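# What the coordinates show
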Amino acid sequence: MNSPTPENGTPDLGTTLAAPVQPRPRRTLLQRWRGAWRRWSLWTALVGLVVSMLATLVWLAGRYEESQVQTQLERDAADAVADIRVSLSRTLQNLQALHANDPGELAWEVGAADLLRNHRELVRIEWRDAALRVRDHQQSPYRPLAWDRRLRESGQSDAAIACANARRLSSPAYSSSYFQPHGDGMGSEMMDLCLPLTTGGKITGFVVATFSLREILLNLVAPNLTRRQEASFIEPDGTRLAVLGAARKGSRMFTSQHLLDMPGSTLVLRMDTWHAAPSLFPNVLTALVTAMSIALVTVMAVLVRDNRRRLRAERDLADALAFRKAMEDSLVTGLRARDLEGRITYVNPAFCSMVGFSAAELLGQSVTAPYWPPELVDEYRERQAVRLSGGEVPPREGFESVFMRKDGTRFPVLIIEAPLINAQGQHTGWMSAFLDISEQRRVEELSRASQERLQATARLATVGEMASLLSHELNQPLAAISSYATGSINLLGSASSTAPAAPHTAGPGTAPVSPDAPGSPSPDDVEGVRMALTQIARQAERAGKVIKSVHDFVRRRDQARESLPAQQLLDAILPLVSLQARKLRVRVQTHVEHGLPPVLCDRTMVEQVLLNLARNAMQAMDHPDIHQRVLDIRVLKTATVQRAGWIKFTVTDLGTGIDSDVAAKLFTPFYTTRSEGMGLGLSMCRTVIEQHGGFLGFAANEPRGTVFTFTLPVASSPAQSP
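I will try to describe carefully the structure that is included in this document. Model, not experiment: these values are computed from the prediction. (Residues numbered from 1 in each chain as written. Predicted model: local features only at pLDDT ≥ 70, side-chain atom pairs only at ≥ 80, totals over all residues. Heavy atoms only, no water.)

Turning to the side chain of Ser177, a few remarks are in order. With respect to the helices and strands, Ser177 occurs in the loop between strand 3 (173-174) and strand 4 (178-181). When residues no more than four places from it in sequence are discounted, the contact partners of Ser177 are Glu189, Met190, Leu213, Glu235 and Leu241. (Helix = DSSP H or I, 4+ residues; strand = E, 2+ residues; numbered from the N terminus. Contact = heavy atoms within 4.5 Å.)

Shown next, in the form of structure tokens:
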């Protein structure tokens, strides 16, 4: 029978106690071992990490301390070598000064003894002749040694070898070290310095100075040597020659070696130091805790700063994107980006407004753009293929092209392209900027028309100023024609009144009338009529040339550059120049260099420039004080860096010259120094020459006057387009 249970389904206490308890399954040894491994593996890894970090820090501290000791030792050794070099150099200078002014033996002995007292590293100084025989010598007063003179003067001694090297090099030379025994049974390593003495470029003797290597260490190195350091001179094989200091032995020894390179000999300075093992653990543990704390705070500070930088960078990026979007929307310059396959990836609103297509209609287009004119599609495709292949670099100043709006109207554009480079430096496409130059072309056309009208007005004004000269010039040939015509009529009238009446045809029995018969025209009358008619034709041609020159100068023509000889330009203006030249009593000289190539220019505009400069030059000489009035026009060939060849025109006068105040404003429009002038002549002349790519300038002429110079380009070939 089952026991009752409460309504909530929870067994009561009695039932729970009465129910049998199920025992837990017993864990095996393998399961317990796995659980312990899982618990202790992380701790073991952490302890191992800490121990390895501590060992690394200890090792690094030891290495750092060793590097500091080694660095200091290297520095001390280098300083010691430098001190030895300086001292040897000073000793050499003192030895040279010892023989200055050709001293006698007594003076030499006094100087040598003083030098030995001041330099304890010197043991002996010898004065030898050119044959290496000892003339005189002095020894150190601190430790005199017994020297064998016969061995010292032998040709195999170290001093003789050093002097042979000095003779060969014509400069001081050192010997290798050698052992010199003392009188007490000891000895020391010595080194000789041989200094040649020259007179008039010829060696007259030698000075041999003997150094003690140990005294060099004692006097030059010992003052800066610490108690833990030992200095010694060694040979390249490690043999010690001289030792100074007895370092206290420690657990670690540090060594530094530096070469002491001298003419004829080389020594090695070795410095040793011993350093005891530092007490690492207290310092390292303290430094470890401090370093870990600093590292934790540093990491947190770095994270906070990095987070702030990231937020700031995100805000700056958002602001930059908004600014760029506003700037692109406000631009009147069209922008378009294409990838390496020619697909349009970006257009700005200005470009869409320029061509009349929306961004959706343009993005993704690659083969044919909808704004290309149908008649130019093939040309544009070919140009795009060359550009995308990298075979042609677009010009930095841009190039012009023609686009078509959505309504079919064409308009000119200026295209400036540049490669798109990403952050990794890779070329990803092309960025193009477009400028609608329709308005610019319209303004240029208006400016050109205004310039033409202004030039025509200036030409008419020039002819108006020359009206009196033209009337005077035309009156002369017309008066001559009238006179010769009247004379011809009179001659013909007198001939007809004296001629007899005769039938027009002779009968069968009538003899022909002889020219010499009485009443016929005389040969003089016929010759006079022929001469008069010739003069009439000549004067009529003269008047016609004047009228044709004025007509060609005044009439308007289309601006077209053509290839012209320079002489032809001068011939066109000379009739007009001669009119004013005769009035002002000016002698005109022209010279055209032989073999000049033709120039490429607008004939009417350049003729106007030449005429204006010539008239200005003649007016500059219209002064009562100027008696020699010569106008010189020359055409020469010159060269500039920009182009291969130029033609130079010079117009020279002998006038009063140009003041500095006037020269500063000479080419300013409407500026003139004459009451009847308009002030447009020189300004228009400079504009015309600059439109041809040339230069118009002026300079003072010697002894007086002014030279105006302008250049025109040489025609490269007859087929060159304007």
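From this point, the narrative continues.
The next subject is the environment of Glu375. Positionally, Glu375 belongs in the loop between helix 9 (359-362) and helix 10 (377-388). Of the residues examined, Glu375 reaches a relative accessible area of 53% and is grouped as exposed. At 2.9 Å, the side chain of Glu375 forms a polar contact with the side chain of Arg410. (Buried < 20%, exposed > 50% of the residue type's maximum accessible area, 1.4 Å probe, protein only. Polar contact = N/O pair within 3.5 Å; in protein donor to acceptor, adjacent residues only side chain to side chain.)

With that settled, the discussion passes to the sheet that holds strand 13 (residues 399-404). Pairing is antiparallel across the open sheet formed by 5 strands, whose spatial order is 12-11-15-14-13. Edge positions in the open sheet fall to strand 12 (344-347) and strand 13, since each of these has one partner strand only. Strand-to-strand twist across the sheet, computed as the mean angle between neighbouring axes with direction ignored, equals 35°. Where strand 13 lies against strand 14 (residues 410-421), 6 bridges are found, and the strand directions are antiparallel. Residue pairing for strand 14: Phe399 is matched across the bridge by Ile415. The strands touched by helix 10 within the sheet are strand 11 (334-339), strand 13, strand 14 and strand 15 (427-436), with strand 13 carrying the most contacts at an inclination of about 130°. (Pairing = 2+ DSSP bridges. Axes fitted to C-alpha atoms, helices over the stretch in contact; angles between N-to-C directions.)

This part covers the packing of aromatic side chains. Inspection of every chain in the model, using the stated rule, returns 9 aromatic pairs. With a centroid separation of 6.4 Å and 90° between ring planes, the pair formed by Phe403 and Phe411 is classed as edge-to-face. Taking the relative accessible area as the measure of exposure, Phe411 reaches 1% and is therefore buried. Arranged with centres 5.5 Å apart and planes meeting at 45°, the rings of Phe403 and Phe434 form a pair that is tilted. (Phe/Tyr/Trp six-rings, centres within 6.5 Å; stacked < 30°, edge-to-face > 60°.)

With that out of the way, let us pick up a nonpolar patch on the surface. A contiguous nonpolar patch, built from Leu30, Trp33 and Trp37 and spanning about 420 Å² of accessible area, is present on the exposed surface. Turning to its location among the elements, Trp37 is positioned in helix 2 (residues 29-98). (Patch = residues over 30% accessible without salt bridge, like charges linked within 9 Å, V, L, I, M, F, W, Y side chains within 5 Å. Areas by Shrake-Rupley, 256 points an atom, 1.4 Å probe, with all protein chains shown as cover. Salt bridge = Lys/Arg side-chain N within 4 Å of Asp/Glu carboxyl O.)

Our next topic: the environment of Val393. Its location among the elements puts Val393 in the loop between helix 10 and strand 13. A relative accessible area of 68% places Val393 in the exposed class. Residues Val393 and Glu417, spaced 24 residues apart in sequence, show a C-alpha to C-alpha distance of 9.1 Å.

Overall, mixed pairing links the 5 strands, which are arranged 17-19-20-22-21 in an open sheet. Of all strands in the sheet, those bounded by a partner on one side alone are strand 17 (587-592) and strand 21 (696-700). Strand-to-strand twist of the sheet, defined as the mean angle between neighbouring strand axes without regard to direction, takes the value 20°. Note: strand 21 against strand 22 (residues 706-713), 5 bridges, orientation antiparallel.

This part takes up the nonpolar core. In this structure, Leu569, Leu613, Leu631, Phe649, Phe710 and Leu712 are the most contacted members of the largest nonpolar core, which totals 44 residues. Mapped onto this core, the elements with two or more residues apiece are helix 14 (566-584), strand 18 (599-602), helix 15 (603-620), strand 19 (630-638), strand 20 (646-652), helix 17 (681-691) and strand 22. Other than its neighbours up to four places away in sequence, Leu613 contacts Val651, Leu682, Leu696, Phe708 and Phe710. Grouped together as the second largest cluster of nonpolar side chains are 42 residues, Leu92, Leu122, Leu193 and Leu260 included. (Core = buried A, V, L, I, M, F, W, Y, C linked by side-chain atoms within 4.5 Å.)

Together, Arg305, Arg308, Arg309, Arg312 and Arg315 give the surface a local cluster of positive charge. Note that Arg309 resides in helix 7 (residues 280-330). (Lys, Arg positive; Asp, Glu negative; His and termini not counted. Charge placed at Lys NZ, Arg CZ, Asp CG, Glu CD.)

Enumeration according to the criterion identifies 1 disulfide in this entry. Paired by a disulfide, Cys163 and Cys194 hold their sulfur atoms 2.2 Å apart. Across the disulfide from Cys163 to Cys194, rotation about the S-S bond amounts to roughly 105°, and the bridge is consequently right-handed. Separated by 31 residues along the polypeptide, Cys163 in helix 5 (residues 158-169) and Cys194 in strand 5 (residues 187-199) bring together distant segments of the chain. (Disulfide = S-S within 2.5 Å.)

Looking now at helix 3 (residues 105-118). Helix length check: helix 3, at 14 residues, gives a terminal C-alpha distance of 20 Å against a target of 20 Å (1.5 Å per residue), a fit within 8%. Among all positions in helix 3, only Trp108, Ala112, Ala113, Leu115 and Leu116 are buried. The arc that holds the buried residues of helix 3, viewed along the axis, is 160°, so those residues lie on one side. Helix 3 presents Leu106, Val110 and Asn118 as exposed residues on the side facing more than 90 degrees away from its buried surface. (Expected span 1.5 Å × (residues − 1). Arc of directions from axis to C-beta.)

Turning our eyes to something else, we now look at the environment of Glu105. One can find Glu105 in helix 3. Along the sequence, Glu105 and Asp136 sit 31 residues apart, while their C-alpha atoms lie 7.4 Å from each other. Contact partners of Glu105, with chain neighbours within four places excluded, come to Trp127, Arg135 and Asp136.

Applying the stated criterion across every chain, the model contains 18 salt bridges. Here Asp272 ties to Arg270 by a salt bridge, and the two come within 3.0 Å at their closest N and O atoms. Overall, Asp272 belongs to the buried group, its relative accessible area being 0%. The class of Arg270 is buried, set by a relative accessible area of 17%. A salt bridge links Arg442 to Glu439; its shortest N-O distance comes to 2.3 Å. One end of the pair, Arg442, and the other, Glu439, are both in helix 11 (residues 438-465), 3 residues apart, so they sit about a helical turn from each other. Classification of Glu439 as partly exposed rests on a relative accessible area of 45%.

The next subject is the packing of helix 14 against helix 15. In a packed pair of helices, the relevant descriptors are the angle between the two axes and the axis-to-axis distance. Interaxial distance between helix 14 and helix 15 falls to 10 Å at its minimum, and their mutual angle equals 25°. With respect to each other, helix 14 and helix 15 are oriented roughly parallel. Judged by the sense of rotation from one axis to the other, the crossing of helix 14 with helix 15 is right-handed. Contacts between helix 14 and helix 15 involve Gln568, Leu569, Leu570, Ala572, Ile573, Leu576, Val577, Gln580, Ala581 and Leu584 on the former and, on the latter, Arg603, Val606, Glu607, Leu610, Leu611, Ala614, Arg615, Met618 and Gln619. Counted by class, the contact of helix 14 with helix 15 contains 13 nonpolar, 3 polar and 3 charged residues. (Parallel < 35°, antiparallel > 145°, perpendicular 65-115°, else oblique. Left-handed = near helix turned anticlockwise from the far one by under 90°. Nonpolar A, V, L, I, M, F, W, Y, C, P; charged D, E, K, R; others polar.)

A cis geometry characterises the amide bond from Glu702 onward to Pro703, with omega recorded as 10°. Among the structural elements, Pro703 can be located in the loop between strand 21 and strand 22. In this structure, Ser170 is a non-glycine residue whose phi angle is positive, near 55°. Its location among the elements puts Ser170 in the loop between helix 5 and strand 3.

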